[in-house]
Amino acid sequence: MSEPVKLSVIYYSATGTGYQIAREIVDTAEKEGAEVRLRKVAELAPEAAIASNPAWAANAEATKDVAEATPDDIVWADAVVFGSPTRYGNITSQLKQFIDTLGPQWQQGLLADKVYSGFTSSATLHGGQESTLLALSNTFYHFGGIIVPPGYTDASKFADGNPYGTSHVDAQGQNAVDDVTRTAAQVQARRVVRVAAALKASRADS
């Protein structure tokens, strides 16, 4: 019997949208038989900034028991899904700071040949979702990773319309994560697990 795919879902979320998407990916991947680690990256914002935004403070409290990501969470994994809201068309400083700690593992080749994928959110419809996911993929190229986007591989992708990864427009917290976004996350999770499983099986046979 083959070993299950090991998947790490590593995200940053201020007000909870990213956390909800991450949970959907985790739940779907586990249903597909994967062993999953859900990890958040460390918060860099000062307590005063968090406390000044009720939604931010509520999410910090709600996710206080989610473990913080370490480099081992990537080394351990067969596949990694990163999540970050968009900041000026790029990932957040919190996720970037974590990625920047991975130099020793990168130098040893421990980040290569894994499946990578990403998800994001923004306040507005054209708020940089695609550029954020494309920018995140630049990191995967440097890792020597195998980038697995959802593409238009399922009819439901024509509803959310983003082939690069799951994304959601939250309209400054006015738009809750809906069924379209959840379905997109499910499609992405299943595809990541399926491709990672095929790669793992081929390596075991070689």
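These numbers come from a predicted model, not from an experiment.

### Topic: the packing of helix H1 (residues 17–31) against helix H9 (residues 179–205)
Contact pair H1 / H9: the axes reach a minimum separation of 8 Å and the direction vectors enclose 45 degrees. Looking at the two axes, H1 sits oblique to H9. By crossing handedness, the relation of H1 to H9 is classed as right-handed. Listed contacts from H9 to Gln-20, Ile-21, Glu-24, Ile-25, Thr-28 and Ala-29 of H1 are Thr-181, Arg-182, Ala-185, Gln-186, Ala-189, Arg-190 and Val-193. Residues belonging to the contact of H1 with H9 are distributed by class as follows: six nonpolar, four polar and three charged.

### What to know about the layout of surface pockets
When its volume is computed, the largest pocket comes out at roughly 490 Å³. Around the largest pocket sit 22 residues that line it, and Thr-15, Arg-87, Ala-123, Asp-170 and Gln-172 are the ones nearest its centre. For the lining of the largest pocket, the secondary structure elements donating two or more residues are H1, helix H3 (54–62) and strand S4 (115–122). Taken together, the residues of the lining of the largest pocket sort by class into seven nonpolar, 13 polar and two charged. There is about 320 Å³ of room inside the second largest pocket. If you go around the second largest pocket, you meet 15 residues; those closest to its centre are Leu-125, Gln-129, Asp-160, Ser-167 and Val-169. Elements with a minimum of two residues in the lining of the second largest pocket: helix H7 (129–143), helix H8 (157–160), strand S6 (166–169) and H9. Considering every element that reaches the lining of the second largest pocket, the biggest residue donor is S6, with three residues. A per-class count over the lining of the second largest pocket returns four nonpolar, eight polar and three charged.

### What to know about H1
With 15 residues, H1 should reach 21 Å at 1.5 Å per residue; the first-to-last C-alpha distance of 22 Å fits that figure. Three or more residues of H1 are buried, namely Thr-17, Gly-18, Ile-21, Ala-22, Glu-24, Ile-25, Val-26, Thr-28 and Ala-29. Buried residues belonging to H1 abut strand S1 (6–11), strand S2 (35–40), strand S3 (79–85), S4, S6 and H9. One or two steps after H1, the chain reaches Gly-33, where phi turns positive at roughly 95 degrees.

### Some thoughts on the UniProt feature "domain: Flavodoxin-like" (unreviewed entry) in the protein chain
Per the UniProt record, "domain: Flavodoxin-like" (unreviewed entry) is found at residues 7–181. With 39% helix and 18% strand, residues 7–181 has end C-alpha atoms that lie 20 Å from one another.

### Some points on the packing of aromatic side chains
Aromatic rings in a pair are described by how distant their centres are and how their planes are angled relative to each other. Scanning the entire structure with this criterion turns up five aromatic pairs. Following the ring pairs from residue to residue traces out a cluster consisting of Phe-82, Tyr-116, Phe-140 and Phe-143. Sitting above the plane of the Trp-76 ring, Arg-37 keeps its charged end 4.0 Å from the centroid.

### Regarding unusual backbone geometry
One non-glycine residue with positive phi stands out, namely Asp-113, at about 65 degrees. Within the secondary structure, Asp-113 sits in the loop between helix H6 (103–107) and S4. Despite not being glycine, Ala-171 has its phi angle at roughly 50 degrees, a positive value. One can find Ala-171 in the loop between S6 and H9. On the accessibility criterion, Ala-171 (25% relative accessible area) is partly exposed.

### Re the side chain of Asp-73
Within the fold, Asp-73 resides in helix H4 (residues 71–75). By relative accessible area, which is 2% here, Asp-73 ends up buried. Within the structure, Asp-73 has its side chain in polar contact with the side chain of Arg-39 (distance 3.3 Å). The residues touching Asp-73, leaving out its near neighbours within four places in the chain, are Ser-8, Ile-10, Arg-37, Arg-39 and Glu-68.

Conventions and cut-offs
- Residues numbered from 1 in each chain as written.
- Predicted model: local features only at pLDDT ≥ 70, side-chain atom pairs only at ≥ 80, totals over all residues.
- Heavy atoms only, no water.
- Axes fitted to C-alpha atoms, helices over the stretch in contact; angles between N-to-C directions.
- Helix = DSSP H or I, 4+ residues; strand = E, 2+ residues; numbered from the N terminus.
- Parallel < 35°, antiparallel > 145°, perpendicular 65-115°, else oblique.
- Left-handed = near helix turned anticlockwise from the far one by under 90°.
- Contact = heavy atoms within 4.5 Å.
- Nonpolar A, V, L, I, M, F, W, Y, C, P; charged D, E, K, R; others polar.
- 1 Å grid on protein atoms, 1.4 Å probe; cavity = no way out; pocket = protein on both sides within 12 Å on 5 of 7 lines; lining within 4 Å.
- Points joined across faces, edges and corners; volume = space filled by probe spheres on them.
- Expected span 1.5 Å × (residues − 1).
- Buried < 20%, exposed > 50% of the residue type's maximum accessible area, 1.4 Å probe, protein only.
- UniProt positions renumbered as here; feature names shortened; annotations may be inferred.
- Phe/Tyr/Trp six-rings, centres within 6.5 Å; stacked < 30°, edge-to-face > 60°.
- Lys NZ or Arg CZ within 6 Å of the ring centre and 35° of its normal.
- Polar contact = N/O pair within 3.5 Å; in protein donor to acceptor, adjacent residues only side chain to side chain.

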